Amino acid sequence: MKMPLTFMLNNQQTTLEVDARQTLLEVLRNQGGMTSVHRSCEEGECGACTVLLNEEPVNACLVLAASVQGATVMTSEGLVKNGKPHPLMKAFTDELGIQCGFCTPGMLMNAYALINRAGDNLLTDQVIRKTLEGNLCRCTGYVNIIKSVHTAQKAKLAGEWW
Amino acid sequence: MPDYSAGNNAMKNSVMKNFIGSRAMPDLVYHSPKEMKDLLALVDAHGTSARVVAGCTDFIPSVRTGRWCFDQELNLIDISKMPVLNEIEKTDDVLKIGAGVSLTRILESPEVKAHCPVLAQAVEQMASLQVRNTATMGGNICMASPAADTVPPLLVSEAWVVIRDAGGEHKVLLTDFFTGPGRSVLTRGQVLTHICIPVKKSNEAAWFQKIGTRTAVIISVVSAAVRVSVNNGICETARISLGSVAPTPVRVSEAEQFLAGKPLDDQVIAECARMAAHAISPISDLRSSKEYRKDVAQTLVKRSILACREALK
Amino acid sequence: MKKREERLILGKGQYADDLEFFNMAHLVFVGSPHAHARIVSINIEKALALPGVMRVITGKEVAAHTRPLPVQANFTSKGWTWRLADVYAIPADKVRWHGEPVAAVVAEDEETARKAADLVEVAYEVLPLAGDLRTALAPEAPKVYDDWEDNKQVHLVFDFGDPDKAFAMADQVLQVFNREDRVTGVPIEPRGCVGMYDTKNDTLEMWGSFQTPFLSRHNIAATLGMPEAKVKINAVDIGGAFGLKIHAWKENVVALASKLTGRPVKWMEPHRDFMATGPHQRDVFWDGKIAFKNDGTLLGLKATVYHDLGVESTNKGIAALSIFPACSSPTNMYKWVGMHVEGIGTVTNKSFYCAYRGYGKDKGIKFIEAAINQVAKKLNTTPEAIRMKNFIQPDEFPYHQINNYVLDSGDYPALLNKAIEMADLEGFRKRKKELAGQGRYLGIGLVTAIEPAGVAVPNCQMGGITEARVLITPDGSVEVHSDRTEIGQGAEISHATIVADILGMDMAHIHVKRVTSDFIGQGPLSSRGAVYPASAVAKAAKLLRKKVVQCAGSLMKIPADQVVLEKGYIYPTDAPEKKISYAQFADKMFFFPGPRGLDPEILKAHDHLLDVTTTWYSPTTPESGSSYTSFCVSADIAVVKVDIDTGVTQIVKYVHVHDAGTIINAQVVDGQIQGGIVQGIGEALYEGLNYDENGQLMNTSFSNYLIPTAVEAPDIEIAHLETPSPFSETGSKGMGEAPIIGAKAVILDAIEDALSDFGIRVNDAPATPEKVRKWIRQATKKNR
Ligand SMILES: Cc1cc2nc3c(=O)[nH]c(=O)nc-3n(C[C@H](O)[C@H](O)[C@H](O)COP(=O)(O)OP(=O)(O)OC[C@H]3O[C@@H](n4cnc5c(N)ncnc54)[C@H](O)[C@@H]3O)c2cc1C
Ligand code: FES
Ligand code: FES
């Protein structure tokens, strides 16, 4: 069943024509042009498709597009401001929390929500690891990803954040 | 040469489904009712083509893998946006959780932490943050998986579920809910609306543990929940439940009865754990052999009772 | 300067799944649910009737329109058993493994193709299985390839040094078994590509997750019966490869689909397909005897390694080839008198075997490391002492190993000492003893490993030779071309660093181009990256530098040796103020004042063309026959805690000391190490592909093929030694595989140490909680 879908996508009111059987992953990639939302397992196991739905990370492959009517969705494209990388992105580049880059957008979204939730509390390795458990990375061994999250939080606490 | 297990039971030339890495979603019409009456009307109107879903975290993988196939257009009824099903309420001595509440909300709920901490303990060890943000406990129960992690804590807490259908509201004890793997008393046209949990008393402690092949994001090889109440160092009542060891999550009553009326000393606990393991006859599958399941069930029961004892000190 | 990383982070990556072409169709494979069955009939009517379906390609059509897959490695001439199968990309007669494609559906969109895939009706006659090694080797076993005598594909026999002498000299001989389960590398991104056949020019161009475009071109062109010159393969951004995207095969069907439909055709593999029909590795069993003296001197080995290769189907010798390094690598970093190693490879009804970080050399090393630790135990000495006694010494390089490897350089004792110091080995040993009485089990593992890198094997597609091109464009920036695809291993940044250093340029102006089949070479496989392509690029850059210096000298009217290239500028040694930028220099060279400004000798030699294409080949391989050029080494020490009641292992500490020669980019190297170690940990503790008695693969998703998450991955402490390789152009040694080898071996060793009270041999990976618990129960029963 075809239907119009209106939601906030990366801070922009967006209306797309979707089919009720499409997942949010497909709609974001195919109709929304957000190709940073990566597709791998399509079953919620890998986290490559992680986006923020009403500010909380979800696997876009497990969300029916129709169900986000009126909701707020953010992908890693939404972190970019005036073409400039978000401090979180910069941290991942600086610390090389990215190798092949396939898991990265999903990691970014989960980490972004985590850092925002944490407020002034310094994140521990343990909390970061537990939070990212649903984002598989086969390249980095996670070490530099954890480092990147710490670095990003420091940037946030130093006031560089949006 | 090692002993490679040989096996040459060629399957009959049965009609098996094609191997397809990821299957198409069925044609569907999406409904998102807001009120109970709308929900019931939708369920009623669409008969066999209606399917109630909440977080879809089980529904979508089931379609992708071909576990579920639909040859007709599906009327998908999403209950997750219904305000009436999205509350965690505490009345006198019952915690009532709506079927649309996400696992994350359960985990973060102060009510759950205060009145049924063992449930929070289980939820914390379930799936991933992303999945917990959408998945519901109602869905976890309705899947009727023997490995559903919320179920053992609910069983030891003596929880019941509320089911709605055209005929009204029914209360079903969770012990009576499951009828087999993937099967329950729920019939077409019925919706699970709430899960009700008697609140924890001050002389009670409960504990949940699970074991999987990996630590994080893992389906339980065995899970165990224990709840005991203690008076003057003597166990008054004991509730012990195990997941992934039978066609449905189970309670092990022999072991429970054994523990009641006894002091929680090491020897009693060890014997109780032994009895619990003795009472089950798990199967071997991809995740584990039956031997390991029995073996580790004993350890988990023992450790859970010990943890309860510790908590009651 | 991390151009690529920044681009990817900004969401501007272009992975296979992001490819979009006008009028593009989509392809989905239909796989067999049976592991071994005759295809009786295929009915495609219902599938074709679905609106949007354009075509259903079956094995019959593939046979009609293409040729069999080409041979990639053939060693029949050596007198060894070496069998190959004549197969097409999709079989018409019978299926040989669970998931093997029987048809491909092409439709207007992917969902329609998926739907239609369910409607293809295939009738099978199920055949008995050769489901595992033992069944496959039994007399009267069902044959995977009907025209073969039996299921044995390869039997290689190697004698290195003097094995009989080694055993004659021995005080003791110890028998050692080792088993590794079948695993797969599973990058998070599966395979995918777009094929576009141009019917006007009869050319084919493809874009996708091609790890080795040059090899893929050969394969695809041969299958389609096209001249290679008419085929171009482009690598796009690749979401991890680890060897698993070398092999083109389903891609050939995508190419055919485009040819048959006249449309660009896209195929993006579902991850389950990648596991079930992708390359697998390991699945070996070692049975060996190690000979040694009572003083700890290692002498020799006699061993056989059995490989369960799965189907040969799409491999054409490339899987069997990995048995070579498996048999050669047990020499590791020690001195030996002799070895006799036999490698047997058997085909079975499982998915095929191909590269995954290690490609065989890992197997021999893991085995010998386990064996040496057994010897240490037998002699009541420590694992470090026995290694120190047998290491090749720093003054013995280049060292001609008994298996022809020419080890380039290193300081093995220093490497191990560094690891021991970092790990506080003695402290942990004490701690282990303290905890022992309290029912807590701490274990310390120690292994050392070489990583033979930069493969060059004659008689197969991995012949070695590599081409690179470095040129200065008229705007003064630099283009770098090579065969080294970027698979997340830092190829771009490494190339850029090398060229920037040599040309005295800013990395911002160095553009490392996407890899296409235009450049000859086998890409980044078997840790070739830092050896072959990097050497070729460095060599080209050095030659280009010579041209720049010569031309600039001529323009500036100074001798060439007085030209300085630094930070993007060119100037005379004694007059930095006369500096010109590369942009100005290039402008002069290309446009003004015209070639007349240059010394005529330069013009005669064509040296004013600032473009160098060159090749690189190992300096040691031709004479010695060493199939590798450089040998990175590592020492791993791990401390684990084992819960003996559940069998769960937890990693407490992990130390890795590495010597990859000259380090071009430390962050990249560390990243490779960390990633490799966690993959090794996955193999040691969780990863295993299991087929049931019907030949069905049980693990086709991340929910049951368990790779480590951030929770299980440990913190990793890394240190480096840098002994440059004299044989590569940059002093770098190939790297990226050693960590996965050491990590797997060291975790298993640590578990064994934790369970030393029980006398358990941990020789069957993965050591899952269930398996560990089983060993403990068996041992407890036995000891009682
Ligand atoms: C990556 C991953 C990891 C997981 N890990 C775990 C784990 O560790 N432990 C564990 O126990 N589970 C795990 N699961 C399963 C997950 O917990 C369940 O998928 C989830 O709880 C189901 O809830 P849902 O709301 O998403 O259900 P849905 O997918 O919406 O529904 C599931 C089933 O229940 C029916 N249903 C749902 N709600 C109702 C209702 N109110 N009334 C009637 N029928 C209803 C649906 O029709 C459907 O058949 C995991 C799943 C994934 C994808
Ligand atoms: S693609 Fe969504 S979790 Fe893997
Ligand atoms: S960087 Fe490759 S999967 Fe994480």
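Description of the structure in this document.

## A look at the overall build of chain B
Turning to step 1, where the next piece is worked out: When you go through chain B residue by residue, the secondary structure sums to 11 helices and 14 strands.
Turning to step 2, where the next piece is worked out: At 21 Å, chain B has a C-alpha radius of gyration in line with the 20 Å of a compact globule built from 313 residues.
Turning to step 3, where the next piece is worked out: By sequence separation, contacts in chain B at least 24 residues apart represent 63% of the contacts at least 6 residues apart.
Turning to step 4, where the next piece is worked out: Summed over its atoms, the accessible surface of chain B is roughly 12700 Å², and 51% of this surface lies on carbon and sulfur atoms.
Turning to step 5, where the next piece is worked out: Once the 35 positive and 32 negative side-chain charges of chain B are each reduced to a mean point, those two points are 4 Å apart.

## Examining the overall build of chain A
Turning to step 1, where the next piece is worked out: Along the backbone of chain A there are 5 helices and 5 strands.
Turning to step 2, where the next piece is worked out: Computed over its C-alpha atoms, the radius of gyration of chain A comes to 15 Å, within 12% of the 15 Å expected for a compact globule of 162 residues.
Turning to step 3, where the next piece is worked out: By the burial criterion, 67% of the 162 residues in chain A qualify as buried.
Turning to step 4, where the next piece is worked out: Intrachain contacts of chain A at a sequence separation of at least 6 include 59% that bridge at least 24 residues.
Turning to step 5, where the next piece is worked out: As presented, chain A carries roughly 5300 Å² of accessible surface, and 50% of it is formed by carbon and sulfur atoms.
Turning to step 6, where the next piece is worked out: For chain A, the centre of its 14 positive side-chain charges and the centre of its 15 negative side-chain charges are spaced 5 Å apart.

## Considerations on the site of ligand 1
Turning to step 1, where the next piece is worked out: Contacts to ligand 1 come from 34 residues, most closely from B:V52, B:G55, B:C56, B:T57 and B:T136.
Turning to step 2, where the next piece is worked out: More than one chain reaches ligand 1: the nearby residues come from chains A and B.
Turning to step 3, where the next piece is worked out: Between B:N140 and ligand 1, the recorded distance is 3.1 Å, taken from a side-chain N or O atom to an oxygen atom.
Turning to step 4, where the next piece is worked out: Within the complex, 94% of the 960 Å² of free accessible area of ligand 1 lies under protein.

## Some words on the environment of C:M339
All names here are of chain C.
Turning to step 1, where the next piece is worked out: Here M339 is to be found in strand 16 (residues 338-347).
Turning to step 2, where the next piece is worked out: Sequence separation between M339 and K289 is 50 residues, and the spatial gap between their C-alpha atoms is 10.0 Å.
Turning to step 3, where the next piece is worked out: With near-sequence residues (within four places) excluded, M339 lies in contact with F158, D159, F160, P163, L301, P330, T331 and I402.

## Section: the packing of aromatic side chains
The relation between two aromatic rings is expressed through the spacing of the ring centres and the mutual angle of the planes.
Turning to step 1, where the next piece is worked out: Per the stated rule, a full pass over the model turns up 32 aromatic pairs over all chains.
Turning to step 2, where the next piece is worked out: The interplanar angle of 45 degrees and the centroid separation of 6.1 Å between the aromatic rings of B:F59 and B:W68 together place this pair among those described as tilted.
Turning to step 3, where the next piece is worked out: Taking the relative accessible area as the measure of exposure, B:W68 reaches 27% and is therefore partly exposed.
Turning to step 4, where the next piece is worked out: Between C:F158 and C:F324, the ring centres sit 5.8 Å apart and the planes meet at 70 degrees, which makes this aromatic pair edge-to-face. Placement of C:F158 in strand 8 (residues 152-161) and of C:F324 in helix 10 (residues 323-328) is noted, with a sequence separation of 166 residues between them. Assigned by exposure class, C:F158 and C:F324 land together as buried.
Turning to step 5, where the next piece is worked out: A network of ring pairs unites the aromatic residues C:F75, C:W80, C:W82, C:F158, C:F160 and C:F324 as a single cluster.
Turning to step 6, where the next piece is worked out: Its end group placed over the ring of B:W160, B:K171 keeps NZ or CZ at 4.1 Å from the ring centre.
Turning to step 7, where the next piece is worked out: Note that C:K250 overlies the ring of C:F29, its terminal NZ or CZ placed 5.1 Å from the centroid.

## Brief notes about the interface of chain B and chain C
Interface size is often expressed as the accessible area that is lost when the parts come together.
Turning to step 1, where the next piece is worked out: Counting residues at the interface gives 44 residues for chain B, matched by 60 residues for chain C.
Turning to step 2, where the next piece is worked out: Summed over both sides, the interface between chain B and chain C buries roughly 4500 Å², with carbon and sulfur atoms accounting for 55% of that surface.
Turning to step 3, where the next piece is worked out: There are 7 salt bridges connecting chain B and chain C.
Turning to step 4, where the next piece is worked out: In this structure, C:R773 and B:D295 form a salt bridge, with 2.5 Å as the shortest nitrogen-oxygen distance.
Turning to step 5, where the next piece is worked out: Viewed at the interface, chain C and chain B are joined by 18 residue pairs in polar contact (both at pLDDT 80 or more).
Turning to step 6, where the next piece is worked out: Split by residue class, the side of chain B that touches chain C holds 17 nonpolar, 16 polar and 11 charged.

## Focus on the sheet that holds strand 30 (residues 764-765) of chain C
Turning to step 1, where the next piece is worked out: Taken together, 7 strands build an open sheet; the order of strands is 4-8-16-15-14-9-30 (chain C) and the sheet is mixed. Either end of the sheet is taken by a strand with one partner, and the two such strands are strand 4 (81-82) and strand 30 of chain C.

## Focus: the interface of chain C and chain A
Turning to step 1, where the next piece is worked out: If you look at the interface, chain C gives 54 residues, while chain A gives 46 residues.
Turning to step 2, where the next piece is worked out: The junction of chain C with chain A conceals about 4100 Å² of combined surface from both sides, 53% of it contributed by carbon and sulfur atoms.
Turning to step 3, where the next piece is worked out: Of the charged contacts, one joins A:R39 and C:D17 as a salt bridge, the two residues approaching to 3.0 Å between their closest N and O atoms.
Turning to step 4, where the next piece is worked out: At the boundary of chain C and chain A, one finds 26 residue pairs in polar contact (both at pLDDT 80 or more).
Turning to step 5, where the next piece is worked out: Where the side of chain C that touches chain A is concerned, the elements lending two or more residues are helix 1 (3-9), helix 4 (110-119), helix 9 (271-277) and helix 20 (666-685) of chain C.
Turning to step 6, where the next piece is worked out: Of all the elements, helix 20 of chain C adds the most residues to the side of chain C that touches chain A, at 8 residues.
Turning to step 7, where the next piece is worked out: The residue makeup of the side of chain C that touches chain A, split by class, is 24 nonpolar, 16 polar and 14 charged.

## Points about the pairing of strand 10 (residues 191-198) of chain B
Two faces make up the sheet, and in a regular strand the side chains alternate between them.
All names here are of chain B.
Turning to step 1, where the next piece is worked out: Most of strand 10 is tucked away, with 7 of its 8 residues classed as buried.
Turning to step 2, where the next piece is worked out: Two strands pair when backbone bridges link them, and strand 5 (residues 94-98) and strand 10 are joined in this way by 5 bridges, in the antiparallel orientation. Counted as the bridge partner of I97 is I195 from strand 10.

## Focus: the pairing of strand 10 (residues 192-198) of chain C
Residues and elements named next belong to chain C.
Turning to step 1, where the next piece is worked out: The element strand 10 is extensively covered by neighbouring structure, given that 5 of its 7 residues are classed as buried.
Turning to step 2, where the next piece is worked out: Of the pairings in the sheet, the one linking strand 10 to strand 13 (residues 265-268) comprises 4 bridges and is antiparallel in character. Across the sheet, residue G195 finds its bridge partner in strand 13, namely V265.
Turning to step 3, where the next piece is worked out: Note that strand 10 and strand 11 (residues 203-208) share 6 bridges and pair antiparallel. Directly across from Y197, in strand 11, lies its bridge partner L204.

## Here's the deal with helix 10 (residues 266-279) of chain B
Residue and element names in this part refer to chain B.
Turning to step 1, where the next piece is worked out: Across its 14 residues, helix 10 extends 20 Å between first and last C-alpha, which sits within 8% of the 20 Å expected from 1.5 Å per residue.
Turning to step 2, where the next piece is worked out: Buried within helix 10 are the following residues: V268, I269, C272, A273, A276 and A277.
Turning to step 3, where the next piece is worked out: Structurally, helix 10 contributes buried residues whose contacts are with strand 13 (234-243), helix 9 (253-259) and helix 11 (290-312).

## A look at unusual backbone geometry
The phi torsion of most residues other than glycine is negative, and most of the peptide bonds are trans.
Turning to step 1, where the next piece is worked out: Between C:F397 and C:P398 the backbone carries a cis peptide bond, its omega angle lying at -5 degrees.
Turning to step 2, where the next piece is worked out: Between C:A765 and the following residue, C:P766, the backbone shows a cis peptide bond with an omega angle of 0 degrees.
Turning to step 3, where the next piece is worked out: By the secondary structure assignment, C:P766 is in the loop between strand 30 and helix 22 (769-783).
Turning to step 4, where the next piece is worked out: With a phi angle near 70 degrees, A:Y142 is a residue other than glycine that sits in the positive phi range.
Turning to step 5, where the next piece is worked out: Residue A:Y142 is classed as buried on the basis of its relative accessible area of 0%.

Parameters and conventions
- Residues numbered from 1 in each chain as written.
- Chains lettered and ligands numbered in written order.
- Predicted model: local features only at pLDDT ≥ 70, side-chain atom pairs only at ≥ 80, totals over all residues.
- Heavy atoms only, no water.
- Helix = DSSP H or I, 4+ residues; strand = E, 2+ residues; numbered from the N terminus.
- Rg over C-alpha atoms; globule rule 2.2 N^0.38 Å.
- Contact = heavy atoms within 4.5 Å.
- Areas by Shrake-Rupley, 256 points an atom, 1.4 Å probe, with all protein chains shown as cover.
- Lys, Arg positive; Asp, Glu negative; His and termini not counted.
- Charge placed at Lys NZ, Arg CZ, Asp CG, Glu CD.
- Buried < 20%, exposed > 50% of the residue type's maximum accessible area, 1.4 Å probe, protein only.
- Near = heavy atom within 4 Å.
- Polar contact = N/O pair within 3.5 Å; in protein donor to acceptor, adjacent residues only side chain to side chain.
- Phe/Tyr/Trp six-rings, centres within 6.5 Å; stacked < 30°, edge-to-face > 60°.
- Lys NZ or Arg CZ within 6 Å of the ring centre and 35° of its normal.
- Buried area = accessible area lost by both parts, 1.4 Å probe.
- Salt bridge = Lys/Arg side-chain N within 4 Å of Asp/Glu carboxyl O.
- Nonpolar A, V, L, I, M, F, W, Y, C, P; charged D, E, K, R; others polar.
- Pairing = 2+ DSSP bridges.
- Expected span 1.5 Å × (residues − 1).

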